[in-house]
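# A look at the structure
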Amino acid sequence: MQRKPTFCLLQPRSYPNRLSLVIPVYNEEAVVPLLRHALQQFTRELQGEAEVILVNDGSTDLTLQQIVDWAREDDHVKVVNFSRNFGHQIASTAGLDYATGDAVVLLDADLQDPLHVIHQMIARYCDGYDVVYGQRKARLGETWFKRLTAWLFYRLMRTLVHKDLPVDAGDFRLLSRRCLNALQQMRETHRFLRGMVAWVGFPQVGVQYERSQRAAGSTKYTLKKMGAFAWTAATSFSILPLKASTLLGVIVTLIGVEEAVRALLAKMFHWYVVPGWTSLTVLVSIIGGATLISVGMVGEYIGKLYEQAKNRPLYVVSQTLNVSPVSRADVEPRLKAVGKQ
């Protein structure tokens, strides 16, 4: 179990009266029946009330119909349906926005993150921790290449994004209400929830577990998407790439100095060279490449500033089920009271 500096005293708290389970879903028609069965069994084990918030992120299969049928039979299941696909991080954000529990657990629909681990998370929550993240000590059923790229991803993100970002920890985590209230103040367009949770602080601790194989269906996170996710996280949460462009400029300058020295020596010692061709070609290529890379880096940040400046909503909800403005208004005073704890 990994502990972090808490920066404040731990205050033990009671078992959550209501636990919110936030689950983004995208083309998971093969998983939904298994997820439903597993959650029905799990919620019976809880001491308090539970709500399940399913955010449909523009699925094109039968996922929406399945979760709607589920919600019609169980009013503890809430459905938030997007008008189109907005992405996993935005879907997770929407689920957190609609959560009304004293504690909120964010997890994926594929059942790779075992539900029984949530009991350990709740125990740490009762000890006073505001964030309890699942930390994978093993990844069952995955290829060596997947394990290697995941290992590199988490360590790279710790370097680029935030020094306190826990390694081998995905979005599977429990958040207290006061931590969630702080997190909801961050409304940037390009979101990296793991880094944002690390940034807001509060007492955080990890619980280790073995990640199971996917219950059904196929992963939606391809290598290409993982690379894009890493790049979004790095450029939306860190200025290190901009610093890298400065370092690149220094390297190009040193190469230029080296070329100048070599040309001077060739002149002095009468080395045979095609006059000016080599040095000119090398320098133009290197300087041109470095310039384009640096401009591209700056362009990434300017593009993100441009998109943020539009101030568009993070997502558009077309339909909801078992969610009403009245019920959310009624619960708001209780949420604020919990947030002050």
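Scroll up to find the structure this text is about.
Reading guide: rules and limits
Per chain, residue numbering runs from 1 following the sequence as it is written. For a predicted model such as this one, the threshold for reporting local features is a pLDDT of at least 70, and the threshold for listing and counting side-chain atom pairs is 80 or more; totals across whole chains, interfaces and linings nevertheless cover every residue. Think of the side-chain values as coming from all heavy atoms in the structure, minus any hydrogens and water. To qualify as a helix, a DSSP run of H or I must reach at least 4 residues; to qualify as a strand, a run of E must reach at least 2; elements of each kind are numbered from the N terminus. The buried label goes to any residue with under 20% of its type's maximum accessible area, the exposed label to any with over 50%, and the partly exposed label to all in between, with areas taken from a 1.4 Å probe on protein chains only. In this analysis, two residues are considered to be in contact whenever any of their non-hydrogen atoms come within 4.5 Å of each other. To measure how exposed things are, a 1.4 Å probe is used in the Shrake-Rupley method; for residues, cover is taken only from the protein chains shown. The term salt bridge refers to a pairing of a side-chain nitrogen on Lys or Arg with a carboxyl oxygen on Asp or Glu at a separation within 4 Å. Should DSSP find at least two bridges between two strands, the strands are regarded as paired. Between N-to-C directions, angles cover 0 to 180 degrees, with each direction set by a line fitted to C-alpha atoms, over the stretch in contact for helices. The scheme is simple: roughly parallel for angles under 35 degrees, roughly antiparallel for over 145, roughly perpendicular for 65 to 115, oblique for anything else. Rotating anticlockwise by less than a right angle from the far helix to the near helix defines a left-handed crossing, while the corresponding clockwise rotation defines a right-handed one. Under the grouping applied here, Gly and all other residues not named as nonpolar or charged are polar, the nonpolar ones being Ala, Val, Leu, Ile, Met, Phe, Trp, Tyr, Cys and Pro and the charged ones Asp, Glu, Lys and Arg. In plain words, nonpolar cores are sets of buried Ala, Val, Leu, Ile, Met, Phe, Trp, Tyr and Cys residues tied together by side-chain atoms within 4.5 Å. Working definition: a ring pair exists when centres of Phe, Tyr or Trp rings (six-membered ring for Trp) sit within 6.5 Å. Plane angles under 30 degrees give stacked, over 60 give edge-to-face, the rest tilted. Whenever two N or O atoms come within 3.5 Å, that pair is a polar contact, provided that in protein one can donate a hydrogen and the other can accept it, and provided that, for residues adjacent in sequence, both atoms are side-chain atoms.

This part takes up the overall build of the protein. Within the protein one finds 11 helices and eight strands. Relative to its 341 residues, the protein shows a buried fraction of 45%. Taking contacts inside the protein between residues at least 6 apart in sequence as the whole, the part at least 24 apart equals 85%. Of the accessible surface of the protein, which amounts to about 17600 Å², a share of 62% is contributed by carbon and sulfur atoms.

A side chain of one charge can pair with a side chain of the opposite charge when the charged atoms of the two come close. Tallied over the full model, the rule gives eight salt bridges. With a shortest N-O distance of 2.8 Å, Glu51 and Lys78 are connected by a salt bridge. Here Glu51, found in strand S2 (residues 49-56), pairs with Lys78, found in strand S3 (residues 77-82); they are 27 residues apart in sequence, far enough to count as distant. Like Glu51, the residue Lys78 is buried in the burial classification.

Let us look at the pairing of strand S4 (residues 103-106). The two faces of S4 match: Ala103 and Val105 on one face and Val104 and Leu106 on the other face are all buried. Relative to strand S6 (residues 173-176), S4 is paired through four bridges, and the arrangement is antiparallel. When the sheet's bridge partners are listed, Ala103 is paired in S6 with Ser176.

Before going further, it helps to spend a moment on helix H7 (residues 193-200). For H7, the tally of buried residues reaches seven of eight residues, placing the bulk of the element in the interior. With its phi angle positive at about 85 degrees, Gly201 sits one or two positions after the end of H7.

Moving on, we get to the packing of helix H1 (residues 32-44) against helix H2 (residues 63-73). Put simply, H1 and H2 touch, their axes get as near as 10 Å, and they point 25 degrees apart. Regarding the angle of H1 to H2, the classification is roughly parallel. Where H1 crosses over H2, the handedness of that crossing is right-handed. Taking contact as the criterion, the partners of Val32, Pro33, Leu35, Arg36, Leu39 and Gln40 in H1 are, on H2, Thr63, Gln66, Ile67, Trp70 and Glu73. Grouping the constituent residues of the contact of H1 with H2 by class yields six nonpolar, three polar and two charged.

Attention now goes to the nonpolar core. Formed by 37 residues in total, the largest nonpolar core has its most connected members in Leu19, Leu21, Ile23, Leu35, Ile118 and Leu174. Where this core is concerned, the elements lending two or more residues are strand S1 (18-25), H1, S2, H2, S3, S4, helix H4 (117-127) and strand S7 (204-211). Among the elements that make up this core, the one with the highest residue count is H4 (six residues). Those residues in contact with Ile23 that lie beyond four places of it in its chain are Leu35, Leu39, Val52, Ile53, Leu54, Val55, Leu107, Asp108 and Ala109. The next biggest cluster of nonpolar side chains, apart from the first, holds 29 residues, and it includes Leu96, Ala99, Ala169 and Cys179.

Attention now moves to H4. Within H4 the residues assigned to the buried category are Val117, Ile118, Met121, Ile122, Arg124, Tyr125 and Cys126. Immediately beyond the C-terminal end of H4, within one or two residues, lies Gly128, with a positive phi of roughly 120 degrees.

Looking now at the packing of aromatic side chains. The description of two aromatic rings rests on the distance between their centres and on the angle between their planes. Scanning the entire structure with this criterion turns up two aromatic pairs. Seen in terms of ring centroids, Phe82 and Phe86 are 5.3 Å apart; in terms of plane orientation they differ by 80 degrees. Their pairing is edge-to-face. Exposure class is identical for Phe82 and Phe86. Each is buried. Between Phe82 and Tyr315 the ring centres are 5.3 Å apart and the planes differ by 20 degrees, which places this aromatic pair in the stacked class. Within this pair, whereas Phe82 is found in strand S3, its partner Tyr315 is found in the loop between helix H10 (277-309) and strand S8 (317-321), the two being separated by 233 residues in sequence. Note on accessibility: Phe82 and Tyr315 belong to one class, buried.

Tracing the backbone shows Thr93 in helix H3 (residues 88-98). Other than its neighbours up to four places away in sequence, Thr93 contacts Arg187, Arg191, Leu193 and Leu314.

Moving on, we come to the side chain of Asp110. Note that Asp110 resides in the loop between S4 and H4. Within polar-contact distance, the side chain of Asp110 engages the backbone nitrogen of Gln112 at 3.0 Å.

This paragraph deals with unusual backbone geometry. In this structure, Phe202 takes a positive phi of about 70 degrees despite not being glycine. Structurally, Phe202 can be placed in the loop between H7 and S7. Residue Phe202 is classed as partly exposed on the basis of its relative accessible area of 25%. A positive phi angle is found at Asn322, which is not glycine, with a value near 65 degrees. Looking at the element boundaries, Asn322 is found in the loop between S8 and helix H11 (325-339).

These values are about where atoms sit, not about what they do.
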